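Listed here are the chains, written in short residue letters.
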Amino acid sequence: MLIPIVPDLWCATHQFKSMGMALSSRMTVLRFPDGSLWLHSPIPLTEALKSELDQLGTVRWIVAPNLAHHLFAGDALNAYPSAQLWGAPGLRKKRPDLADLRSLPREVLPEWASELEQVFIEGMPLVRETVWFHKSSKTLIATDLCMWFQGKWPWLTRVYGHLNGVMNGLVVSRLVLLVTKDKPAAAASCQRILDWPIERVVMAHDSIVDTNAKALLAKALARFSPG
């Protein structure tokens, strides 16, 4: 269930259907030096997956990183009631049922700062995405900021992917561009991301990019810049 990416970093994927389309979403798991686990964009926790997590360490933080990736955050907190649940700004209004939800600040939490750096993507009020950089592995952890659908997909998913522009490489999807209200603000946020020495990009949909990752990311994020 859990797939190792690099030491202390794993992922797991969830296959589902939306409006008849087959899709997938990725949860990323980071282990801190003290054995604390950080769950990014949680997926359904089956007994098998929970058992694997419990073998890795202690789930201390659960992160709903934007206004779309929160569906299983409450279930994850029920499975790990002693963990802290953090979510994108505005998610508390969208999910008032998540009484223990804390809003992510614009700068990385002090207890995460030894392992992670953070950028809040400005100019996307309908997304409110936050991305992180895992320092030791030089890995960017994103959700919907970029996408790349690879592999074999059913025809309806392929149609959606081509319409959204995400089938042929790492890109900012047409849908994300559409809901970006302030592209210069988003571009400024992306420039902060590109200041990191990125060697790998892990995103929710659908790929992990570990070859020429920073150059491909820079090309993708350039879609926010004018000209």
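Residues numbered from 1 in each chain as written. Predicted model: local features only at pLDDT ≥ 70, side-chain atom pairs only at ≥ 80, totals over all residues. Heavy atoms only, no water.

S.K.: Help me understand the pattern of salt bridges in this model?
M.R.: Close approach of charged atoms allows side chains of opposite charge to pair. Under the defined criterion, the tally for this structure stands at 6 salt bridges. Note that R31 is salt-bridged to D8, the shortest N-O span being 3.0 Å. Taken as a pair, R31 in strand β3 (residues 21-31) and D8 in the loop between β1 (3-6) and β2 (9-18) lie far apart in primary sequence, 23 residues in all. For R31, a relative accessible area of 25% gives the class partly exposed. Residue class for D8 comes out partly exposed when judged on its relative accessible area of 30%. (Salt bridge = Lys/Arg side-chain N within 4 Å of Asp/Glu carboxyl O. Helix = DSSP H or I, 4+ residues; strand = E, 2+ residues; numbered from the N terminus. Buried < 20%, exposed > 50% of the residue type's maximum accessible area, 1.4 Å probe, protein only.)

S.K.: Honestly, the packing of helix α6 (residues 183-194) against helix α7 (residues 213-221) in this entry has me stumped. Any pointers?
M.R.: At a closest axis distance of 10 Å, the pairing of α6 and α7 adopts a crossing angle of 175°. Accordingly, the angle class assigned to the pair α6 and α7 is roughly antiparallel. The segment α6 lies against α7, with C190, I193 and L194 engaging K214, L217, A218 and L221. Taken together, the residues of the contact of α6 with α7 sort by class into 6 nonpolar, no polar and 1 charged. (Axes fitted to C-alpha atoms, helices over the stretch in contact; angles between N-to-C directions. Parallel < 35°, antiparallel > 145°, perpendicular 65-115°, else oblique. Contact = heavy atoms within 4.5 Å. Nonpolar A, V, L, I, M, F, W, Y, C, P; charged D, E, K, R; others polar.)

S.K.: Looking at this model, I keep getting lost on the nonpolar core. Mind explaining?
M.R.: Counting 31 residues, the largest nonpolar core has V131, L145, C146, I193, L217, L221 and F224 as its most contacted members. Put simply, the parts of the chain that give this core at least two residues each are β9 (130-134), α5 (174-179), α6 and α7. Per-element accounting of this core gives the leading share, 5 residues, to α6. The residues touching L217, leaving out its near neighbours within four places in the chain, are L140, C146, L170, I193, L194, I198 and V201. Counting 25 residues, the second largest nonpolar core, distinct from the first, contains W10, M27, A73 and A76. (Core = buried A, V, L, I, M, F, W, Y, C linked by side-chain atoms within 4.5 Å.)

S.K.: Before we go on, may I ask you to explain unusual backbone geometry in this structure?
M.R.: The phi angle of most residues is negative, glycine excepted, and most peptide bonds adopt the trans form. Between H205 and D206 the backbone carries a cis peptide bond, its omega angle lying at 0°. Looking at the secondary structure, you find D206 in the loop between β11 (200-202) and β12 (208-209). Backbone geometry at D8 places phi at a positive 70°, although glycine is not the residue there. Positive phi outside glycine occurs at R128, with the angle close to 55°. Inspection of the secondary structure assignment puts R128 in the loop between β8 (116-120) and β9.

S.K.: What exactly am I supposed to notice about the packing of aromatic side chains here?
M.R.: We describe a pair of aromatic rings using the distance from one ring centre to the other and the angle between the two ring planes. In the structure shown here, the tally under the stated rule is 9 aromatic pairs. Between the aromatic rings of W112 and W132, the centroid separation amounts to 6.4 Å while the plane-to-plane angle is 65°, which identifies the pairing as edge-to-face. Placement of the pair is W112 in the loop between β7 (101-103) and β8 and W132 in strand β9, with a sequence separation of 20 residues. The burial state of W112 is the same as that of W132; both residues are buried. In this structure an aromatic cluster arises from ring pairing among F32, W38, W61, W86, W112 and W132. (Phe/Tyr/Trp six-rings, centres within 6.5 Å; stacked < 30°, edge-to-face > 60°.)

S.K.: How should helix α1 (residues 47-56) be read in this particular structure?
M.R.: For an α-helix, the turn length of 3.6 residues means that residues three or four places apart are oriented alike. Those residues of α1 that sit buried are L49, L53 and L56. Along α1, the residues classed as buried sweep out an arc of 55° about the axis, all on the same side. Residues of α1 that are exposed and point more than 90 degrees away from the buried face comprise E47 and Q55. Along its buried surface, α1 packs onto β2, β3 and β4 (36-40). (Arc of directions from axis to C-beta.)

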